[in-house]
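# Breakdown of the fold
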Amino acid sequence: MLEFAPICIYLVISLLVSLILLGVPFLFASNSSTYPEKLSAYECGFDPFGDARSRFDIRFYLVSILFIIFDLEVTFFFPWAVPLNKIDLFGFWSMMAFLLILTIGFLYEWKRGALDWE
């Protein structure tokens, strides 16, 4: 248990620093809710044209989720590519299976029209 003492100390110190950094602004913050101008939306010095909290099209979220999914494959390539000469054929074919599954998913999304923007 003694070998985990530095990790526990690090976790306690990081928790304390986080709580201090989150709590200090509340001590020094002024009550700015008395000014309605500070609560209104700011659009480059102009009066707001409409509601600042308008709805976005669902396609924005879909494209961002698809980007995250297919961008994460790059993070799986690095641990595979570094020891490529040491993992033999099993590692190579397991990554090819991973790429095949990703390609099938990409083609499915493409076929369903998730990437079309109309």
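Along each chain, numbering runs from 1 in the same order as the chain's sequence is written. The model is predicted, so local features are restricted to residues of pLDDT at least 70 and side-chain atom pairs to those at 80 or more, both for listing and for counting; the totals for chains, interfaces and linings are taken over all residues. Think of the side-chain values as coming from all heavy atoms in the structure, minus any hydrogens and water.

## What about the UniProt feature "transmembrane region" (unreviewed entry) in the chain?
Under the convention used in this document: UniProt positions are given in the numbering used here, feature names are shortened, and annotations may be inferred rather than shown by experiment. For the purposes of this entry, the term helix denotes a DSSP run of H or I that reaches at least four residues, the term strand denotes a run of E that reaches at least two, and both are numbered from the N terminus.
Mapped onto the present numbering, the UniProt feature "transmembrane region" (unreviewed entry) falls on residues 7-28, 58-82 and 89-108. Taken as a whole, residues 7-28 contains 100% helix and 0% strand, while its terminal C-alpha atoms sit 32 Å from one another. Segment residues 89-108 splits into 100% helix and 0% strand. End C-alpha atoms: 28 Å apart.

## Section: the packing of aromatic side chains
What characterises a pair of aromatic rings is the spacing of the ring centres plus the angle enclosed by the ring planes. Heads up, the rule is: A pair of Phe, Tyr and Trp rings is counted when the ring centres sit within 6.5 Å of each other, with Trp represented by its six-membered ring. The angle between the planes then sorts it: under 30 degrees is stacked, over 60 is edge-to-face, the rest tilted. Exposure categories follow from relative accessible area, calculated using a 1.4 Å probe and restricted to protein chains: below 20% of the type maximum is buried, above 50% is exposed, and the middle band is partly exposed.
Under the definition given, this model contains five aromatic pairs. With centroids separated by 6.3 Å and ring planes inclined at 50°, the aromatic side chains of Phe77 and Trp80 adopt a geometry described as tilted. Here the residue Phe77 and the residue Trp80 both occupy positions in helix H3 (residues 58-81), the gap between them amounting to three residues, near one helical turn. Owing to a relative accessible area of 22%, Phe77 belongs among the partly exposed residues under this scheme. We classify Trp80 as buried; its relative accessible area is 18%. Between the aromatic rings of Phe106 and Trp110, the centroid separation amounts to 5.9 Å while the plane-to-plane angle is 50°, which identifies the pairing as tilted. With Phe106 and Trp110 both in helix H4 (residues 88-112), this residue pair falls four residues apart, about one helical turn. The rings of Phe70, Phe106 and Trp110 are connected pair by pair, giving a single aromatic cluster.

## Section: a nonpolar patch on the surface
For the record, the criterion: Patches here are clusters of residues that have more than 30% relative accessible area and form no salt bridge, with a 9 Å joining cutoff for like charges and a 5 Å cutoff for nonpolar side chains (Val, Leu, Ile, Met, Phe, Trp, Tyr). Areas reported as accessible are Shrake-Rupley estimates using a 1.4 Å probe. Residue values count occlusion only from the protein chains shown. The working definition used for a salt bridge is a side-chain nitrogen of Lys or Arg within 4 Å of a carboxyl oxygen of Asp or Glu.
A surface patch of nonpolar side chains, about 640 Å² in accessible area, is lined by Val12, Leu16, Ile20, Val24, Leu27 and Phe28. Its location among the elements puts Val12 in helix H1 (residues 5-28).

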